[in-house]
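Topology and contacts: notes
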Amino acid sequence: MDIQLKILRFNPEKDKQPYFQDFNVKNVSDDWRLLDVLHEIKGNYDGTLTFRRSCAHGICGSDGMKVNGKNKLACALLLKDINTKKTIVIEPLPALPIIKDLVVDMSSFFMKYEVIKPYLITNTPPPPNHERIQSNEDAEKLFESAKCILCACCTTSCPSTWTNENYIGPAAMLRAYRYINDTRDEGGDERLDILDTPDGIWRCHTIFNCIEACPKEINITWHISQLKKKLSSREM
Amino acid sequence: MIKTYDVVIVGAGGAGLRAAVEIPKEYSCAVISKVYPPRSHTGTAQGGVCAALSNMEEDSWENHAFDTVKGSDYLGDQDSIEVMCRDAIRAIIELEHMGMPFSRNDKGLIAQRFFGGHTKPEDKNDPYGKRVPVKRSCYSADRTGHVMLQTLFENSIKNQVTFYSEYFVTDLLVENGVCKGVVAFDIANSEVQIFQAKAVLFATGGYGRVFRITSNAHAGTGDGSSLVYNAGLPLEDMEFFQFHPTGLWKLGILVSEAARGEGGILKNKDGERFMARYAPSVMDLAPRDMVSRAIITEIREGRGIRGSDGTDYVLLDLTHLGKEVIDEKLPEITGFARTYLGVEPTTEPIPIQPTAHYAMGGIPTNTDCEVLLNEKGDTVKGLYAAGECACVSVHGANRLGTNSLLDLVVFGRRGGKAIAEFLKTAAFSDISEKADEKTRELIDRLLTSAGNERAVSIRTELQNNMMEDCGVFRSEAGLKKMIVKLEELKERYKNISIQDKSRVFNTELVEAIELNNLLNNAEATLYGAYNRTESRGAHSREDYPKRDDQDWMKHSFAFKKDSGAPEIKYKPVVITRYQPMERKY
Ligand SMILES: Cc1cc2nc3c(=O)[nH]c(=O)nc-3n(C[C@H](O)[C@H](O)[C@H](O)COP(=O)(O)OP(=O)(O)OC[C@H]3O[C@@H](n4cnc5c(N)ncnc54)[C@H](O)[C@@H]3O)c2cc1C
Ligand code: SF4
Ligand code: SF4
Ligand code: FES
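Conventions adopted
Residues numbered from 1 in each chain as written. Chains lettered and ligands numbered in written order. Predicted model: local features only at pLDDT ≥ 70, side-chain atom pairs only at ≥ 80, totals over all residues. Heavy atoms only, no water. Domains from an automatic or database assignment. Contact = heavy atoms within 4.5 Å. Buried area = accessible area lost by both parts, 1.4 Å probe. Salt bridge = Lys/Arg side-chain N within 4 Å of Asp/Glu carboxyl O. Polar contact = N/O pair within 3.5 Å; in protein donor to acceptor, adjacent residues only side chain to side chain. Helix = DSSP H or I, 4+ residues; strand = E, 2+ residues; numbered from the N terminus. Buried < 20%, exposed > 50% of the residue type's maximum accessible area, 1.4 Å probe, protein only. Near = heavy atom within 4 Å. Nonpolar A, V, L, I, M, F, W, Y, C, P; charged D, E, K, R; others polar. Phe/Tyr/Trp six-rings, centres within 6.5 Å; stacked < 30°, edge-to-face > 60°. Lys NZ or Arg CZ within 6 Å of the ring centre and 35° of its normal. Disulfide = S-S within 2.5 Å. 1 Å grid on protein atoms, 1.4 Å probe; cavity = no way out; pocket = protein on both sides within 12 Å on 5 of 7 lines; lining within 4 Å. Points joined across faces, edges and corners; volume = space filled by probe spheres on them. Pairing = 2+ DSSP bridges. Core = buried A, V, L, I, M, F, W, Y, C linked by side-chain atoms within 4.5 Å.

**Focus on the domain arrangement of chain B**
Residue and element names in this part refer to chain B. Its domain assignment divides chain B into domain 1 (247–356) and domain 2 (437–545). Between the C-alpha centres of domain 1 and domain 2 the distance comes to 30 Å. Listed per partner, the contact involves seven residues of domain 1 and seven residues of domain 2. A buried area of about 570 Å², summed over both sides, lies between domain 1 and domain 2, and 63% of it is on carbon and sulfur atoms. By the criterion of area lost to domain 2, the three top residues of domain 1 are Asp289, Arg293 and Arg300, representing 65% of everything that side buries. Our count for the contact surface shared by domain 1 and domain 2 stands at one salt bridge. A salt bridge links Arg300 to Glu542; the shortest N-O distance between them is 2.7 Å. The tally of links from domain 1 across to domain 2 stands at two residue pairs in polar contact (both at pLDDT 80 or more). Broken down by element, the side of domain 1 that touches domain 2 gets its largest block of residues, six residues, from helix α8 (residues 288–300).

**What to know about the pattern of salt bridges**
Residue and element names in this part refer to chain B. By the definition in use, this model includes 86 salt bridges over all chains. Two residues, Glu332 and Arg143, come together in a salt bridge whose shortest N-O distance is 2.5 Å. Linking Glu332 in helix α10 (residues 331–341) with Arg143 in the loop between β7 (137–138) and α4 (144–158), this pair joins segments that are 189 residues apart in sequence. For the pair formed by Glu332 and Arg143, the shared burial category is buried.

**What to know about the site of ligand 3**
Neighbouring ligand 3 are 13 residues; Cys148, Cys151, Ala152, Cys154 and Cys214 of chain A lie closest to it. Its residues placed into classes, the shell around ligand 3 shows 12 nonpolar, no polar and one charged.

**Some points on the packing of aromatic side chains**
Overall, the coordinates contain 22 aromatic pairs over all chains when judged by the stated rule. Plain terms: the ring middles of Tyr167 of chain B and Phe195 of chain B are 6.3 Å apart, the flat faces sit at 80° to each other, and that makes the pair edge-to-face. Here Tyr167 of chain B, found in strand β9 (residues 167–175), pairs with Phe195 of chain B, found in strand β11 (residues 192–202); they are 28 residues apart in sequence, far enough to count as distant. In this structure Tyr167 of chain B comes out as buried when scored by relative accessible area, which is 14%. The rings of Phe109, Phe110 and Tyr113 of chain A together with Tyr36, Phe153 and Phe163 of chain B are connected pair by pair, giving a single aromatic cluster. Here the basic side chain of Arg178 of chain A rests over the ring of Tyr179 of chain A, its NZ or CZ set 4.0 Å away from the ring centre. Cation over ring: Arg399 of chain B sits above Tyr358 of chain B, and NZ or CZ is 4.0 Å from the ring centre.

**A word on the site of ligand 2**
All names here are of chain A. The environment of ligand 2 is made up of 13 residues, and the closest members are Cys158, Cys204, Ile207, Cys210 and Thr221. When contributions to the shell around ligand 2 are tallied by element, the ones reaching two or more residues are α7 (209–213) and α8 (220–235). Class assignment of the residues belonging to the shell around ligand 2 gives a composition of eight nonpolar, five polar and no charged.

**Here's the deal with the state of the cysteines**
Residues and elements named next belong to chain B. Under the criterion given, the structure shown has zero disulfides over all chains. Of the cysteine sulfurs around Cys369, a residue in no disulfide, the closest is that of Cys389, at 9.8 Å. Overall, the relative accessible area of 1% leaves Cys369 in the buried class.

**Focus on the interface of chain A and chain B**
Each partner contributes residues to the interface: chain A has 67 residues there, and chain B has 55 residues. Across the chain A/chain B interface, buried area totals approximately 5,100 Å², and carbon plus sulfur atoms make up 52% of it. Among the residues of chain A in contact with chain B, His57, Glu131 and Phe143 of chain A are the three that bury the most area, contributing 14% of the side total. Connecting chain A to chain B are eight salt bridges. Between Glu154 of chain B and Arg175 of chain A there is a salt bridge; the shortest N-O distance is 2.5 Å. At the boundary of chain A with chain B, the tally comes to 40 residue pairs in polar contact (both at pLDDT 80 or more). Elements with a contribution of two residues or more to the side of chain A that touches chain B: α1 (34–44), β6 (98–100), α2 (107–115), α3 (136–146) and α5 (169–180) of chain A. Its residues assigned to classes, the side of chain A that touches chain B comprises 31 nonpolar, 17 polar and 19 charged.

**Some thoughts on empty space enclosed by the protein**
Picture a little ball the size of a water molecule; that probe, rolled over the atoms, points out where space is still empty. Taken as a whole, this structure holds 11 cavities of 30 Å³ or more when the rule is applied. If you go around the second largest cavity, you meet 19 residues; those closest to its centre are Arg52 and Arg53 of chain A together with Lys34, Val35 and Thr507 of chain B. Considering each element in turn, the lining of the second largest cavity owes the most residues, four residues, to helix α15 (residues 507–531) of chain B. Within the lining of the second largest cavity, the residues separate by chemical class into eight nonpolar, three polar and eight charged.

**Things to note about the pairing of strand β2 (residues 29–33) of chain B**
Residue and element names in this part refer to chain B. Across the five residues that make up β2, a large majority, five, are buried. Burial of β2 is two-sided: the residues Cys29, Val31 and Ser33 facing one way and the residues Ala30 and Ile32 facing the other way are all buried. In this sheet, β2 lies alongside strand β1 (residues 2–10) in parallel orientation, the contact comprising four bridges. Note on β2: the bridge partner recorded for Val7 is Cys29. Across four bridges, the pairing between β2 and strand β8 (residues 162–165) is parallel.

**Quick word on the nonpolar core**
Formed by 138 residues in total, the largest nonpolar core has its most connected members in Leu5, Leu34 and Leu195 of chain A together with Ile92 of chain B. Looking at this core, the element that brings in the most residues is helix α11 (residues 403–423) of chain B, giving 10 residues. Among the domains, domain 1 (3–104) and domain 2 (107–235) of chain A are the pair contributing at least three residues each to this core. The contacts of Ile92 of chain B, once residues within four sequence positions are left out, are Val49, Cys50, Ala51, Leu53, Phe102, Ile110, Cys138 and Leu406 of chain B. Ranked by size, the runner-up nonpolar core spans 84 residues in total, among them Val200, Ile213, Ala359 and Ile513 of chain B.

Right, dumping it as structure tokens:
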């Protein structure tokens with residue numbers, strides 16, 4: 001089948017403004033990933049089309065982009081799951097500066113993630129010759145949040161991010177949850193202090209955009225609500 | 001411009017990051033990566049990382065070492081294997097202490113599961129008697145690599161490691177056996193940068209993208225091995241490339257061996273559990289080379305299933321495991337089957353085919369990760385390598401599942417330690433302001449070339465033909481045909497041009513350079529395969545079906561020549577305690 005796409009293009013060396021370019025891609029099949037279509041365009045239609053990708057199966061977090069208005073990973077979206085009768089509209093992730101075409105500057109996203117101290121903080125030394133004991137139940141409580149691939153689909157879909165670029169955002173909070181709830185960690189309070197700031201957790205108004213955007217189907221708002229509960233009980 | 005660091009680490013996967021964490025604070029250290037560190041390929045590893053922790057049942061590092069030697073089809077260097085298996089237990093505990101989240105057993109210890117080729121003697125008093133599978137693979141559901149990479153990345157943040165993310169390394173500066181640094185460009189603006197360093201560690205990963213069907217990421221283009229090869233240094237055992245038996249049909253996306261470790265069964269079109277014929281004692285848990293050959297044999301003999309596109313597959317059946325086990329232990333990979341093939345693994349078997357997976361060969365090193373200058377064992381001063389790009393030869397002719405993640409943390413750390421030791425007395429070597437000229441010329445040439453070849457067509461032809469003629473089974477005729485093809489592609493490469501002429505985030509430029517690296521890796525692989533007239537581990541010659549210990553208990557070292565075939569020299573295999581035996585399972 002043939003499909004139509006509209007892709008937002010921008011090359012700072014020559015364009016003042018981003019603009020849409022139309023592509024008519026021939027002989028695709030509905031079991032293709034959207035990423036395969038982008039490769040097809042880059043290989044056979046227009047070598048200048050620029051996007052990031054690596055793993056091609058939804059695990060490295062490189063190819064978040066806006067597809068028909070929603071943030072998606074191009075490699076985890078099959079054509080059969082898109083209405084290909086209509087033109088497919090592809091834009092870069094919102095709320096981050098565009099470097100070129102679908103490539104955005106992720107530095108602020110990674111900075112927010114570093115701010116919440118994404119590593120184990122401990123005072124008690126671990127046992128010298130074996131692992132720390134943790135029940136499987138406790139371990140599994142971390143798995144959903146640890147699944148995050150840092151693709152930024154959530155944070156850039158969040159209305160609070162759009163109105164305040166300093167807002168810490170769902171991905172960083174999810175990572176905070178991952179460590180705060182680790183039975184091995186002793187840095188919970190430090191992180192809660194970081195979340196309890198003007199650009200922190202209280203800017204989340206539970207609008208759920210983030211959950212809808214998350215390609216790993218992480219229940220982000222549930223995790224955020226647990227953090228809010230922890231903070232509220234701490235203040236009491 | 002020249003930037004100066006005591007240490008430069010190229011690659012931010014498991015090996016590079018583990019090394020970075022080991023560099024003492026008093027030394028300046030930069031980690032360069034062409035993708036953001038957490039996007040590195042280590043993150044895709046699923047099944048596990050092994051160590052004889054004995055958390056589920058009694059086990060020992062010696063059992064692990066024996067399995068690794070046997071799995072390697074006796075090509076692995078036994079001194080390196082001993083180093084790795086002895087250190088495994090400490091290395092896994094250390095990961096746990098760093099914060100890696102593991103699945104746990106009912107005592108709250110790290111959980112372990114079965115994996116192909118991991119066994120122990122049925123009777124402890126008869127160490128070389130009948131062997132049975134053992135639970136040795138430590139895991140975190142089926143996201144082991146993902147959480148390992150994240151833990152190491154986060155520990156690097158804690159240690160304030162300096163990252164150059166989305167910088168592409170294009171040149172290795174070695175002169176007279178001394179390494180002086182590397183040259184890289186910033187992908188965002190194509191600015192070229194010389195990195196002068198006392199020590200450089202390569203941890204650039206594998207080159208699975210040489211093949212059409214592969215589990216490897218697009219970034220798996222063997223850049224490090226190619227740069228080393230271009231610098232006149234040898235590549236070791238490149239003919240040994242592992243095909244993993246269970247890639248999703250048509251796509252090559254990996255379905256981890258953990259699926260069989262948890263009890264999954266391979267079936268042919270008659271519903272027969274065919275592995276019972278090839279490996280009666282361990283069946284579906286036989287090592288990868290054997291299972292991949294069994295699958296291709298089933299298909300060739302007409303017992304595969306013909307798919308809509310005319311290619312064949314066999315089935316991986318998980319349905320009897322039940323939804324609960326599947327959802328708890330294999331959530332990610334069963335998700336891939338649903339998303340990409342529309343198959344529901346709890347009720348339907350998954351169509352699979354062998355997929356190019358892992359490079360056993362690579363940059364030769366000793367157990368301190370020092371890169372070898374030649375087959376005699378002399379080393380390049382200041383140059384180190386670790387992880388999949390390296391060949392310390394723990395995997396020999398065939399890697400056992402879960403031994404790569406282990407290799408990353410054991411040898412990443414050893415590399416870091418060796419560098420720290422070296423830095424105590426090392427000095428900077430003089431470096432010319434013009435050391436970046438080659439890279440500048442390369443970029444300028446590619447940006448202005450008016451040639452009539454496109455990278456994409458050369459790459460596709462390379463991948464299709466390598467898959468056909470240098471894949472699971474090889475023969476002189478096929479390899480000769482492929483050599484002619486490769487030489488043609490190398491010629492055509494000289495004439496490539498790219499459409500994107502911009503200096504901003506030019507991924508077409510990056511891909512063109514990567515293609516040259518693929519061609520280099522293919523060259524060493526192909527000529528190595530042609531040269532080695534025996535079958536051993538993953539290298540299976542139909543015209544020489546037997547292992548030949550008389551003539552081939554040796555590593556190949558390929559040195560690049562100005563054109564055509566590399567020169568191949570040999571280094572003996574290190575044997576400490578295990579004499580070669582027939583490899584049966
Ligand atoms: C799908 C899959 C599943 C696997 N599962 C398992 C498993 O369960 N257990 C196991 O033990 N092994 C497994 N493996 C194997 C294992 O994951 C890899 O061998 C290992 O992760 C490689 O790690 P590395 O650190 O050597 O390189 P990588 O993680 O591949 O990292 C390479 C790094 O080098 C950088 N780089 C490369 N070239 C350049 C350049 N030119 N300039 C700058 N930077 C560069 C990249 O940006 C990247 O940071 C699996 C492999 C695959 C493909
Ligand atoms: S729930 Fe919170 S974090 Fe998620 S989109 Fe809404 S405001 Fe943003
Ligand atoms: S939470 Fe989901 S959407 Fe957000 S960065 Fe992680 S994986 Fe991406
Ligand atoms: S390419 Fe890795 S997530 Fe899409």
